[in-house]
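Each chain, letter by letter, is given below.
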Amino acid sequence: MATATGIDEDGRADEGAGSWRELNRANWDERVAVHLASDFYRVEQFVAGEDSLHGFEDGELGPLQATSAVHLQCHVGLDTLSLARRGAEVTGLDFSRPALDAARRLADRTGVAASFVEADLYDAPAALGRRYDLVYTGKGALNWLPDMGRWAEVVAALLRPGGRLYLVEFHPFVSVFGDESLTLEYPYFDEGPVYLDDPGDYADPNARLSAARTVEFAHPLGEIVTSLVEAGLVLEFLHEFPECGFRRFPFLVESQPGLYAMPPGMMRLPMMFSLRARRPA
Ligand SMILES: C[S@@+](CC[C@H](N)C(=O)[O-])C[C@H]1O[C@@H](n2cnc3c(N)ncnc32)[C@H](O)[C@@H]1O
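Residues numbered from 1 in each chain as written. Predicted model: local features only at pLDDT ≥ 70, side-chain atom pairs only at ≥ 80, totals over all residues. Heavy atoms only, no water.

Draft legend 1. The arrangement of the overall build of the protein in detail. Across its full length, the protein holds eight helices and twelve strands. Taken along the three principal axes of its C-alpha coordinates, the protein extends 50 × 45 × 35 Å. A burial count over the protein gives 52% of its 281 residues as buried. Taking contacts inside the protein between residues at least 6 apart in sequence as the whole, the part at least 24 apart equals 70%. Of the accessible surface of the protein, which amounts to about 12600 Å², a share of 52% is contributed by carbon and sulfur atoms. (Helix = DSSP H or I, 4+ residues; strand = E, 2+ residues; numbered from the N terminus. Buried < 20%, exposed > 50% of the residue type's maximum accessible area, 1.4 Å probe, protein only. Contact = heavy atoms within 4.5 Å. Areas by Shrake-Rupley, 256 points an atom, 1.4 Å probe, with all protein chains shown as cover.)

The following block contains the structure:
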């Protein structure tokens, strides 16, 4: 039975304004202009040649020359185009039309070839209609999805036999804390949808979004990994990092360009993880 926000017991209902999908899409549509103007996304620096991937990603991804890749939940396409700059033939997929419009403009401005497809994550196999050597995703992607089992099936369906998923994501452990301090505010385990009414935006502290209501979903690390295994993928590595790709807490210090760590004297916590998994040949 669907609830007032359009989410039924298994988180699948999605019809109508007020559903998790419609609320989140309106929020993400509105964030695009904020992000393009923000110092956080460094769009002008990217156009001038700056890279958007983290330093550790190259070693984990391996060479991308002549690799067919799909970037799921690609947002404004910075990481999509960074993969393309490494020689991959890339398609970015997102459900936000303004995000994809921005991504296409960035592709034009940088002269980097990439294609972009508008679709919900769960409709990706039908919308894309082909398989890839690499599925790339993460950095704030999974918390928007209600069902990890179906997500993993989508990933498996998009990979050719022998193809790989590379996921780099914020660690669910650190998602339990509030924005300002190590105070427990959110569930680690999936205890149902998490509703937020937050007009702010991580990329611009002065932003005031009108589509402020969002619905997020907690996915513990074990659930993410087990969903991939159950979808038939073979785990190649799972790495946990004591750094975060943005200043997750005000007291973090930049330890290397674009990565933030606990200050000296504070115990390290897992703030990001990456994993690579292979579809058997
Ligand atoms: C934090 S951004 C991801 C950032 C991206 N990984 C990057 O590096 O630029 C989350 C993205 O997920 C997209 N998204 C959220 N829910 C989605 C869904 N159900 N289907 C497709 N895209 C979705 C949003 O539009 C947004 O662009």
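Draft legend 2. The pairing of strand β10 (residues 253–256), seen in detail. Note that β10 and strand β11 (residues 259–261) share three bridges and pair antiparallel. Bridged to Q256 within β11 is L259. Counting the residues between successive antiparallel strands, the hairpin from β10 to β11 contains two residues, one of them, G258, with a positive phi of roughly 80°. (Pairing = 2+ DSSP bridges.)

Draft legend 3. Representation of a negative patch on the surface within the structure. Together, D179, E180, E185 and D198 make up a negatively charged patch on the protein surface. In this structure, E180 sits in the loop between β5 (159–170) and β6 (194–197). (Patch = residues over 30% accessible without salt bridge, like charges linked within 9 Å, V, L, I, M, F, W, Y side chains within 5 Å. Salt bridge = Lys/Arg side-chain N within 4 Å of Asp/Glu carboxyl O. Lys, Arg positive; Asp, Glu negative; His and termini not counted. Charge placed at Lys NZ, Arg CZ, Asp CG, Glu CD.)

Draft legend 4. The sheet that holds β5, seen in detail. Read across the sheet, seven strands follow the order β3-β2-β1-β4-β5-β12-β8 without closing on themselves; strand pairing throughout is mixed. Edge positions in the sheet fall to β3 (115–118) and β8 (234–241), since each of these pairs with one other strand and no more. Adjacent strand axes in the sheet meet at a mean angle of 15° when their direction is disregarded. Looking at chain direction, β8 and strand β12 (residues 272–278) are connected through seven bridges and run antiparallel. Considered in β12, the bridge of E240 is made with F273. (Axes fitted to C-alpha atoms, helices over the stretch in contact; angles between N-to-C directions.)

Draft legend 5. Examining the packing of helix α7 (residues 148–158) against helix α8 (residues 221–230) more closely. In contact at an axis separation of 8 Å, α7 and α8 are set at 45° when each is read in the N-to-C sense. With respect to α8, the element α7 is oriented oblique. Our pair here, α7 against α8, has a crossing hand that is right-handed. For the pair α7 and α8, contact is made by M148, G149, W151 and A152 and by E223, I224, S227 and L228, respectively. Tallied by class, the residues present in the contact of α7 with α8 amount to five nonpolar, two polar and one charged. (Parallel < 35°, antiparallel > 145°, perpendicular 65-115°, else oblique. Left-handed = near helix turned anticlockwise from the far one by under 90°. Nonpolar A, V, L, I, M, F, W, Y, C, P; charged D, E, K, R; others polar.)

Draft legend 6. Structural view of the site of the ligand. The environment of the ligand is formed by 19 residues, the closest being D79, D94, D120, L121 and G138. Q73 is positioned such that a nitrogen or oxygen atom in its side chain is 3.2 Å from an oxygen atom of the ligand. Here a nitrogen atom of the ligand and a backbone polar atom of F95 are 3.3 Å apart. Within the complex, the protein chains bury 97% of what would otherwise be the 600 Å² of accessible surface of the ligand. Its residues assigned to classes, the shell around the ligand comprises nine nonpolar, six polar and four charged. (Near = heavy atom within 4 Å. Polar contact = N/O pair within 3.5 Å; in protein donor to acceptor, adjacent residues only side chain to side chain.)

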